[in-house]
Amino acid sequence: ARGGLEVQLGARTASSAAELIEDGENRRYLPGVALPESIDVRPASAIELAGLDLIVLAIPSKSLPAAVGSIADRAGDRSSILLLTKGLVAPQGELPSEYVGERVRARALASLGGPAHAAEAVSGSAALVLGSADPDLRAQLGTVFNRAGLVCERTADVVGVEMAGAAKNAAALAAAAAEPHGLNAAGIAVAEIWRECIACGVARGADPETFAGLAGVGDLTASMLAPNGRNRRAGELLGAGTPAEEIPALIGQASEGLDTTPLLADAVAASGVHGEALEGLAKLIRGEVACEDWVAGLRSAERARQAA
(Lines give C-alpha, C1' and ligand atoms only; values in the text may rest on other atoms or scores of the structure.)
Protein backbone atom coordinates (compact mmCIF):
# COMPACT_ATOMS: atom_id res chain seq x y z
CA ALA A 1 0.00 0.00 0.00
CA ARG A 2 1.20 3.54 -0.65
CA GLY A 3 2.76 5.20 2.37
CA GLY A 4 3.75 1.92 3.97
CA LEU A 5 4.11 -1.81 3.46
CA GLU A 6 0.93 -3.83 3.78
CA VAL A 7 1.18 -7.54 3.00
CA GLN A 8 -1.88 -9.70 2.45
CA LEU A 9 -1.20 -13.43 2.27
CA GLY A 10 -3.83 -15.26 0.27
CA ALA A 11 -4.33 -18.95 1.04
CA ARG A 12 -5.95 -21.13 -1.61
CA THR A 13 -8.83 -22.21 0.62
CA ALA A 14 -10.64 -20.86 3.66
CA SER A 15 -9.46 -23.86 5.69
CA SER A 16 -5.83 -23.18 4.77
CA ALA A 17 -6.21 -19.55 5.78
CA ALA A 18 -7.77 -20.61 9.09
CA GLU A 19 -4.84 -22.95 9.80
CA LEU A 20 -2.30 -20.22 9.10
CA ILE A 21 -4.13 -17.77 11.32
CA GLU A 22 -4.55 -20.25 14.18
CA ASP A 23 -1.00 -21.64 14.03
CA GLY A 24 0.75 -18.37 13.19
CA GLU A 25 3.06 -20.32 10.90
CA ASN A 26 3.09 -22.71 7.94
CA ARG A 27 3.61 -25.97 9.82
CA ARG A 28 3.86 -28.05 6.68
CA TYR A 29 6.58 -26.17 4.81
CA LEU A 30 8.15 -23.78 7.33
CA PRO A 31 7.58 -25.19 10.81
CA GLY A 32 8.90 -22.96 13.58
CA VAL A 33 8.94 -19.83 11.42
CA ALA A 34 6.38 -17.39 12.81
CA LEU A 35 4.42 -15.22 10.41
CA PRO A 36 5.09 -11.53 11.09
CA GLU A 37 2.19 -9.63 12.61
CA SER A 38 2.23 -7.30 9.60
CA ILE A 39 0.99 -10.12 7.36
CA ASP A 40 -2.78 -10.27 7.00
CA VAL A 41 -3.83 -13.84 6.15
CA ARG A 42 -7.03 -14.24 4.15
CA PRO A 43 -8.55 -16.65 1.63
CA ALA A 44 -7.29 -15.55 -1.78
CA SER A 45 -10.86 -14.89 -2.91
CA ALA A 46 -11.30 -12.33 -0.10
CA ILE A 47 -8.44 -10.06 -1.17
CA GLU A 48 -9.33 -6.87 -3.03
CA LEU A 49 -6.78 -6.99 -5.85
CA ALA A 50 -7.52 -3.81 -7.77
CA GLY A 51 -5.72 -1.52 -5.32
CA LEU A 52 -2.57 -3.60 -4.83
CA ASP A 53 0.83 -2.53 -6.10
CA LEU A 54 2.12 -6.10 -6.38
CA ILE A 55 0.39 -9.48 -6.75
CA VAL A 56 2.59 -12.52 -6.15
CA LEU A 57 1.54 -15.90 -7.57
CA ALA A 58 3.53 -18.59 -5.73
CA ILE A 59 1.88 -21.71 -7.12
CA PRO A 60 2.77 -24.74 -9.28
CA SER A 61 2.31 -24.41 -13.03
CA LYS A 62 -0.52 -26.96 -12.91
CA SER A 63 -2.51 -24.59 -10.67
CA LEU A 64 -1.81 -21.42 -12.64
CA PRO A 65 -4.85 -21.56 -14.99
CA ALA A 66 -7.28 -21.77 -12.07
CA ALA A 67 -5.51 -18.97 -10.21
CA VAL A 68 -5.44 -16.73 -13.27
CA GLY A 69 -9.11 -17.41 -13.88
CA SER A 70 -9.88 -16.28 -10.35
CA ILE A 71 -7.96 -12.98 -10.58
CA ALA A 72 -8.23 -11.94 -14.23
CA ASP A 73 -11.35 -9.83 -13.71
CA ARG A 74 -10.27 -8.49 -10.30
CA ALA A 75 -6.73 -7.31 -10.95
CA GLY A 76 -6.19 -3.70 -11.99
CA ASP A 77 -3.75 -2.22 -14.47
CA ARG A 78 -1.86 -0.40 -11.67
CA SER A 79 -0.72 -3.75 -10.24
CA SER A 80 2.44 -5.60 -11.17
CA ILE A 81 2.61 -9.39 -10.99
CA LEU A 82 5.50 -11.48 -9.70
CA LEU A 83 5.50 -15.17 -10.69
CA LEU A 84 7.22 -17.87 -8.65
CA THR A 85 6.17 -20.67 -11.00
CA LYS A 86 8.85 -22.96 -12.44
CA GLY A 87 7.21 -24.92 -15.20
CA LEU A 88 5.15 -24.68 -18.36
CA VAL A 89 1.40 -24.20 -18.47
CA ALA A 90 -0.85 -26.85 -20.01
CA PRO A 91 -2.14 -27.53 -22.54
CA GLN A 92 -0.07 -25.34 -24.89
CA GLY A 93 3.20 -25.41 -22.95
CA GLU A 94 3.27 -21.62 -22.50
CA LEU A 95 5.75 -19.93 -20.22
CA PRO A 96 4.08 -18.56 -17.07
CA SER A 97 4.69 -14.93 -18.05
CA GLU A 98 3.22 -15.57 -21.51
CA TYR A 99 0.14 -17.22 -20.05
CA VAL A 100 -0.50 -14.53 -17.43
CA GLY A 101 0.38 -11.63 -19.71
CA GLU A 102 -2.27 -12.68 -22.23
CA ARG A 103 -5.03 -12.98 -19.62
CA VAL A 104 -4.46 -10.49 -16.80
CA ARG A 105 -4.28 -6.70 -16.93
CA ALA A 106 -1.03 -5.70 -15.25
CA ARG A 107 1.37 -2.79 -15.24
CA ALA A 108 4.32 -5.15 -15.57
CA LEU A 109 5.33 -8.78 -15.04
CA ALA A 110 8.34 -10.38 -13.39
CA SER A 111 9.47 -13.95 -12.79
CA LEU A 112 11.66 -15.25 -10.00
CA GLY A 113 14.23 -17.98 -10.61
CA GLY A 114 17.32 -19.33 -8.93
CA PRO A 115 17.79 -21.76 -6.03
CA ALA A 116 15.35 -19.94 -3.74
CA HIS A 117 14.55 -22.71 -1.25
CA ALA A 118 12.00 -21.53 1.28
CA ALA A 119 13.96 -22.17 4.47
CA GLU A 120 17.02 -20.37 3.11
CA ALA A 121 14.89 -17.49 1.87
CA VAL A 122 13.54 -17.00 5.39
CA SER A 123 17.08 -17.02 6.81
CA GLY A 124 18.20 -14.48 4.21
CA SER A 125 20.67 -16.81 2.49
CA ALA A 126 18.77 -17.66 -0.70
CA ALA A 127 20.00 -16.72 -4.17
CA LEU A 128 17.44 -15.32 -6.60
CA VAL A 129 17.27 -14.28 -10.23
CA LEU A 130 14.67 -11.64 -11.02
CA GLY A 131 13.58 -11.50 -14.65
CA SER A 132 11.44 -8.67 -16.00
CA ALA A 133 11.25 -6.72 -19.23
CA ASP A 134 10.27 -3.66 -17.16
CA PRO A 135 13.38 -1.88 -15.82
CA ASP A 136 11.44 -0.02 -13.11
CA LEU A 137 9.97 -3.23 -11.70
CA ARG A 138 13.38 -4.91 -11.83
CA ALA A 139 14.86 -2.05 -9.84
CA GLN A 140 12.04 -1.88 -7.30
CA LEU A 141 11.82 -5.60 -6.57
CA GLY A 142 15.59 -6.05 -6.72
CA THR A 143 15.97 -3.38 -4.05
CA VAL A 144 13.41 -5.14 -1.84
CA PHE A 145 15.26 -8.46 -2.09
CA ASN A 146 18.64 -6.84 -1.54
CA ARG A 147 17.39 -5.12 1.59
CA ALA A 148 16.22 -8.52 2.83
CA GLY A 149 19.82 -9.70 2.59
CA LEU A 150 19.25 -12.01 -0.37
CA VAL A 151 21.50 -12.41 -3.39
CA CYS A 152 19.38 -11.12 -6.27
CA GLU A 153 20.56 -11.01 -9.86
CA ARG A 154 18.46 -8.94 -12.24
CA THR A 155 17.90 -9.59 -15.93
CA ALA A 156 15.58 -8.67 -18.78
CA ASP A 157 15.77 -12.29 -20.02
CA VAL A 158 12.40 -13.51 -18.75
CA VAL A 159 12.28 -16.34 -21.31
CA GLY A 160 15.66 -17.61 -20.16
CA VAL A 161 14.76 -17.46 -16.46
CA GLU A 162 11.49 -19.33 -16.98
CA MET A 163 12.89 -21.88 -19.43
CA ALA A 164 15.81 -22.58 -17.09
CA GLY A 165 13.41 -23.09 -14.19
CA ALA A 166 11.36 -25.59 -16.17
CA ALA A 167 14.47 -27.31 -17.48
CA LYS A 168 16.03 -27.79 -14.04
CA ASN A 169 12.88 -29.56 -12.81
CA ALA A 170 12.96 -31.99 -15.73
CA ALA A 171 16.72 -32.54 -15.42
CA ALA A 172 16.59 -33.12 -11.65
CA LEU A 173 13.75 -35.59 -12.14
CA ALA A 174 15.72 -37.38 -14.86
CA ALA A 175 18.88 -37.60 -12.77
CA ALA A 176 17.08 -39.25 -9.86
CA ALA A 177 15.21 -41.65 -12.15
CA ALA A 178 18.38 -42.73 -13.97
CA GLU A 179 20.70 -42.92 -10.92
CA PRO A 180 19.84 -46.58 -10.02
CA HIS A 181 21.37 -47.50 -13.39
CA GLY A 182 24.61 -45.71 -12.53
CA LEU A 183 25.96 -42.24 -11.96
CA ASN A 184 27.07 -42.10 -15.57
CA ALA A 185 23.48 -42.73 -16.64
CA ALA A 186 22.31 -39.89 -14.40
CA GLY A 187 24.97 -37.60 -15.85
CA ILE A 188 24.00 -38.43 -19.42
CA ALA A 189 20.32 -37.83 -18.62
CA VAL A 190 21.02 -34.38 -17.18
CA ALA A 191 23.38 -33.37 -19.97
CA GLU A 192 21.06 -34.44 -22.78
CA ILE A 193 17.96 -32.82 -21.29
CA TRP A 194 19.85 -29.63 -20.44
CA ARG A 195 21.23 -29.41 -23.97
CA GLU A 196 17.78 -29.83 -25.49
CA CYS A 197 16.22 -27.20 -23.22
CA ILE A 198 18.95 -24.65 -23.93
CA ALA A 199 18.46 -25.11 -27.67
CA CYS A 200 14.69 -24.69 -27.28
CA GLY A 201 15.12 -21.64 -25.04
CA VAL A 202 17.48 -19.96 -27.48
CA ALA A 203 15.02 -20.67 -30.31
CA ARG A 204 12.38 -18.85 -28.22
CA GLY A 205 14.65 -15.85 -27.64
CA ALA A 206 16.50 -16.74 -24.43
CA ASP A 207 20.10 -15.77 -23.73
CA PRO A 208 22.17 -18.98 -23.37
CA GLU A 209 24.18 -17.32 -20.61
CA THR A 210 21.10 -17.44 -18.38
CA PHE A 211 21.32 -21.24 -18.34
CA ALA A 212 24.93 -21.01 -17.17
CA GLY A 213 24.11 -18.84 -14.15
CA LEU A 214 22.05 -18.96 -10.96
CA ALA A 215 18.75 -19.42 -12.80
CA GLY A 216 20.17 -22.41 -14.64
CA VAL A 217 23.00 -24.62 -13.37
CA GLY A 218 22.84 -22.93 -9.95
CA ASP A 219 19.20 -23.88 -9.46
CA LEU A 220 19.76 -27.31 -11.02
CA THR A 221 22.62 -28.11 -8.66
CA ALA A 222 20.62 -27.07 -5.61
CA SER A 223 17.66 -29.19 -6.72
CA MET A 224 19.78 -32.27 -7.35
CA LEU A 225 21.55 -31.99 -3.98
CA ALA A 226 18.41 -31.34 -1.92
CA PRO A 227 17.82 -34.68 -0.11
CA ASN A 228 14.08 -34.10 0.25
CA GLY A 229 13.48 -32.15 -2.94
CA ARG A 230 10.18 -32.85 -4.70
CA ASN A 231 11.69 -33.59 -8.09
CA ARG A 232 14.46 -35.73 -6.67
CA ARG A 233 11.98 -37.83 -4.68
CA ALA A 234 9.59 -38.03 -7.63
CA GLY A 235 12.45 -39.19 -9.87
CA GLU A 236 13.48 -41.86 -7.39
CA LEU A 237 9.95 -43.22 -7.30
CA LEU A 238 9.60 -43.01 -11.07
CA GLY A 239 12.88 -44.87 -11.56
CA ALA A 240 11.69 -47.56 -9.14
CA GLY A 241 8.63 -48.20 -11.28
CA THR A 242 6.00 -46.20 -9.39
CA PRO A 243 3.26 -44.95 -11.75
CA ALA A 244 3.52 -41.19 -12.19
CA GLU A 245 -0.10 -40.58 -11.19
CA GLU A 246 0.58 -42.11 -7.76
CA ILE A 247 3.69 -40.07 -6.98
CA PRO A 248 2.16 -36.73 -5.85
CA ALA A 249 0.18 -38.46 -3.11
CA LEU A 250 3.28 -40.36 -1.96
CA ILE A 251 5.46 -37.26 -1.67
CA GLY A 252 2.64 -35.07 -0.37
CA GLN A 253 2.90 -32.32 -2.97
CA ALA A 254 3.06 -31.67 -6.69
CA SER A 255 6.23 -32.34 -8.69
CA GLU A 256 6.80 -29.69 -11.34
CA GLY A 257 9.07 -32.12 -13.18
CA LEU A 258 6.32 -34.67 -13.66
CA ASP A 259 3.85 -32.04 -14.86
CA THR A 260 6.25 -30.05 -17.05
CA THR A 261 8.37 -32.70 -18.80
CA PRO A 262 5.71 -33.79 -21.35
CA LEU A 263 5.01 -30.13 -22.12
CA LEU A 264 8.73 -29.44 -22.46
CA ALA A 265 9.09 -32.38 -24.84
CA ASP A 266 6.34 -30.94 -27.04
CA ALA A 267 7.83 -27.43 -26.84
CA VAL A 268 11.27 -28.70 -27.84
CA ALA A 269 9.83 -30.59 -30.80
CA ALA A 270 7.79 -27.55 -31.89
CA SER A 271 10.93 -25.39 -31.80
CA GLY A 272 12.62 -27.70 -34.30
CA VAL A 273 15.10 -29.13 -31.78
CA HIS A 274 15.72 -32.87 -31.69
CA GLY A 275 14.54 -33.77 -28.18
CA GLU A 276 15.07 -37.50 -27.80
CA ALA A 277 15.97 -37.36 -24.09
CA LEU A 278 12.94 -35.31 -23.09
CA GLU A 279 10.61 -37.37 -25.24
CA GLY A 280 11.96 -40.55 -23.65
CA LEU A 281 11.43 -39.11 -20.16
CA ALA A 282 7.90 -38.10 -21.12
CA LYS A 283 7.22 -41.67 -22.24
CA LEU A 284 8.59 -42.93 -18.92
CA ILE A 285 6.19 -40.60 -17.08
CA ARG A 286 3.29 -41.83 -19.22
CA GLY A 287 4.24 -45.47 -18.53
CA GLU A 288 5.03 -46.17 -22.17
CA VAL A 289 8.61 -47.32 -21.60
CA ALA A 290 10.51 -49.08 -18.81
CA CYS A 291 13.23 -47.15 -17.02
CA GLU A 292 16.02 -49.44 -18.18
CA ASP A 293 14.91 -49.02 -21.80
CA TRP A 294 14.82 -45.23 -21.38
CA VAL A 295 18.37 -45.28 -19.99
CA ALA A 296 19.53 -47.51 -22.83
CA GLY A 297 18.04 -45.02 -25.28
CA LEU A 298 19.91 -42.18 -23.58
CA ARG A 299 23.21 -44.01 -23.93
CA SER A 300 22.51 -44.78 -27.58
CA ALA A 301 21.63 -41.16 -28.28
CA GLU A 302 24.84 -39.96 -26.60
CA ARG A 303 26.96 -42.40 -28.65
CA ALA A 304 25.26 -41.30 -31.85
CA ARG A 305 25.77 -37.64 -31.02
CA GLN A 306 29.46 -38.16 -30.26
CA ALA A 307 29.93 -40.12 -33.49
CA ALA A 308 28.26 -37.43 -35.63
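Everything discussed here concerns the structure shown above.
Figured I'd write up the structure that's included with this text. (Residues numbered from 1 in each chain as written. Predicted model: local features only at pLDDT ≥ 70, side-chain atom pairs only at ≥ 80, totals over all residues. Heavy atoms only, no water.)

Counted at 1.5 Å a residue, the expected span for helix α14 (residues 291-307) with its 17 residues is 24 Å, and the 24 Å between its end C-alpha atoms agrees. Residues of α14 that are buried: Cys291, Trp294, Val295, Leu298, Ala301 and Glu302. End-on view of α14: buried residues confined to an arc of 120 degrees, all on one side of the axis. Turned more than 90 degrees away from the buried face of α14, the exposed residues are Arg303, Ala304 and Ala307. Along its buried surface, α14 packs onto α6 (158-178), α7 (183-203), α10 (230-239) and α13 (276-286). (Helix = DSSP H or I, 4+ residues; strand = E, 2+ residues; numbered from the N terminus. Expected span 1.5 Å × (residues − 1). Buried < 20%, exposed > 50% of the residue type's maximum accessible area, 1.4 Å probe, protein only. Arc of directions from axis to C-beta. Contact = heavy atoms within 4.5 Å.)

Moving on to helix α2 (residues 64-71). All buried positions along α2 are accounted for by Leu64, Ala67, Val68 and Ile71. An end-on view of α2 places all buried positions within 100 degrees of arc, on one side of the element. In α2, the exposed residues that point more than 90 degrees away from the buried face are Ala66 and Gly69. On its buried face, α2 sits against β3 (54-57), β4 (80-83) and α3 (96-101).

Turning our eyes to something else, we now look at the sheet that holds β4. Taken in spatial order, the five strands make up an open sheet running β3-β4-β5-β6-β7, and their pairing is mixed. Edge positions in the open sheet fall to β3 and β7 (151-155), since each of these has one partner strand only. For this sheet the average axis-to-axis angle between neighbouring strands, irrespective of direction, equals 20 degrees. Two elements, strand β6 (residues 127-131) and β7, share five bridges in a ladder whose sense is parallel. For Val129, the partnering residue across the bridge sits in β7 and is Glu153. Contacts from helix α5 (residues 135-147) reach β3, β4, β5 (108-113), β6 and β7, with the element oriented near 170 degrees to β7. Against the sheet, helix α9 (residues 214-225) contacts β6 and β7, and its axis sits at roughly 145 degrees relative to β6. (Pairing = 2+ DSSP bridges. Axes fitted to C-alpha atoms, helices over the stretch in contact; angles between N-to-C directions.)

Moving on, we get to the nonpolar core. Formed by 52 residues in total, the largest nonpolar core has its most connected members in Ile193, Leu238, Leu258, Leu264, Leu278, Leu281 and Trp294. Looking at this core, the elements that each hand over two or more residues are α6, α7, α9, α10, α11 (247-251), α12 (256-270), α13 and α14. Excluding anything up to four places from it in sequence, Leu238 contacts Leu173, Ala244, Ile247, Leu258, Leu281, Leu284 and Ile285. One finds Ile55, Ile81, Tyr99 and Val104 within the second-largest nonpolar core, a separate group that totals 17 residues. (Core = buried A, V, L, I, M, F, W, Y, C linked by side-chain atoms within 4.5 Å.)

A word on the pattern of salt bridges. Should the charged atoms of two oppositely charged side chains come close, the side chains can pair. Under the definition given, this model contains 14 salt bridges. Between Arg27 and Asp23 there is a salt bridge, and its shortest N-O distance comes to 3.8 Å. In this structure Arg27 comes out as exposed when scored by relative accessible area, which is 56%. With a closest N to O distance of 3.9 Å, Asp219 and Lys168 form a salt bridge. You can see Asp219 sitting in helix α9 and its partner Lys168 sitting in helix α6, a full 51 residues away along the chain. (Salt bridge = Lys/Arg side-chain N within 4 Å of Asp/Glu carboxyl O.)

Bear in mind that shape data such as this cannot, by itself, settle questions of function.
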